[in-house]
Amino acid sequence: MRMKRAGRVNILTVAVLACVVVIFSMFFIGRENIGSVGAKFMSALAKGDVDTLTDLSYLGNKDKEDMKKQWEFAAKDVSKQYAFEWRVTGARELSDKAGSVSLMVSRNLFSGSTYEEKFELPMIRVNGRWMVNVSGISRDMYPALPR
């Protein structure tokens, strides 16, 4: 008669479970979600962080250096006195390549008559990364957006 010992685990079972955990974490945890990319973009816009704006922006085949110059003009020159608040109200993936982030934005904070308005950040997946399709953002939301 053969008796089983308590606490003994098959090494193959442990290896399979470890592989499943690694694959799960790489697929789900490593991927940036569309809402966090939109929030990171808006935070960079509020701070005038040109490098982050350039990194998260999509403008077709536009050269990164040209885009960076346009962001410097928009964030440093034109919008020096432009103050706004924002909050993400929703995010949705329309397909595996497109989506949008819904925002409520209060523009011209120092005017005394500001109110929240709804805007959308159109998102596009490029080489596996979510990016903001800047050409689809309303110029009412922010002046002098790159084109």
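The coordinates are above.
Per chain, residue numbering runs from 1 following the sequence as it is written. Since the coordinates come from a predicted model, pLDDT governs what is reported: local features require at least 70, and pairs of side-chain atoms require 80 or more to be given and counted, while whole-chain, interface and lining totals use all residues. Each side-chain value is worked out from all heavy atoms of the structure, with water and hydrogens disregarded.

A.B. asks: Describe helix α4 (residues 64–78), with residues and values.
C.D. replies: Secondary structure is summarised from DSSP: a helix means a run of H or I of at least four residues, a strand means a run of E of at least two, and numbering begins at the N terminus for each. Expected span of a helix: the number of residues minus one, times 1.5 Å. The terminal C-alpha atoms of α4 lie 20 Å apart, and with 15 residues this matches the ideal 21 Å at 1.5 Å per residue to within 8%. Among all positions of α4, only M67, Q70, W71, A74 and A75 are buried. On an axial view of α4, the arc spanned by its buried residues comes to 115°, and they lie on one face. Turning to α4, the residues buried within the fold contact α2 (34–47), α3 (50–56) and β1 (57–58). In the analysis that follows, any N or O atom pair within 3.5 Å is treated as a polar contact, provided that within protein one partner can donate a hydrogen and the other can accept it, and provided that, for residues neighboring in sequence, both atoms belong to side chains. Structurally, the start of α4 carries an N-cap: the backbone nitrogen of E65 is 3.3 Å from a side-chain oxygen of D63. For the exposure calls, accessible area comes from a 1.4 Å probe over protein chains only, and a residue counts as buried if that area is under 20% of its type's maximum, exposed if over 50%, partly exposed in between. Here the arc refers to the directions that run from the helix axis out to each C-beta atom. Note on contacts: a residue pair is in contact if any heavy atoms of the two residues lie within 4.5 Å.

A.B. asks: Quick rundown of the nonpolar core? Include the residues and the values.
C.D. replies: Residues grouped as a nonpolar core are buried Ala, Val, Leu, Ile, Met, Phe, Trp, Tyr and Cys residues, joined through side-chain atoms within 4.5 Å. Within the largest apolar cluster, 29 residues are counted, with the highest numbers of intra-cluster contacts made by F41, L45, W71, L121 and M141. No other element matches the six residues that α2 contributes to this core. When near neighbours in sequence (up to four residues on either side) are disregarded, M141 contacts M42, L45, Y82, L103, V105, R107, F119 and L121.

A.B. asks: Kindly report on the pairing of strand β4 (residues 116–126), identifying the contributing residues and their values.
C.D. replies: Of the two faces of β4, the one holding E117, F119, L121, M123 and R125 is buried and the one holding E116, K118, E120, P122, I124 and V126 is not buried anywhere. Only strands that DSSP links by at least two bridges are regarded as paired with each other. Strand direction decides the pairing type here: strand β3 (residues 98–106) and β4, joined by nine bridges, are antiparallel. Bridge pairing in β4 links A98 to I124. Pairing between β4 and strand β5 (residues 129–133): four bridges, direction antiparallel. Across the sheet, the residue bridging to R125 is W130, located in β5. Between β4 and β5, which pair antiparallel one after the other, the connecting turn spans two residues, and N127 there sits at a positive phi close to 50°.

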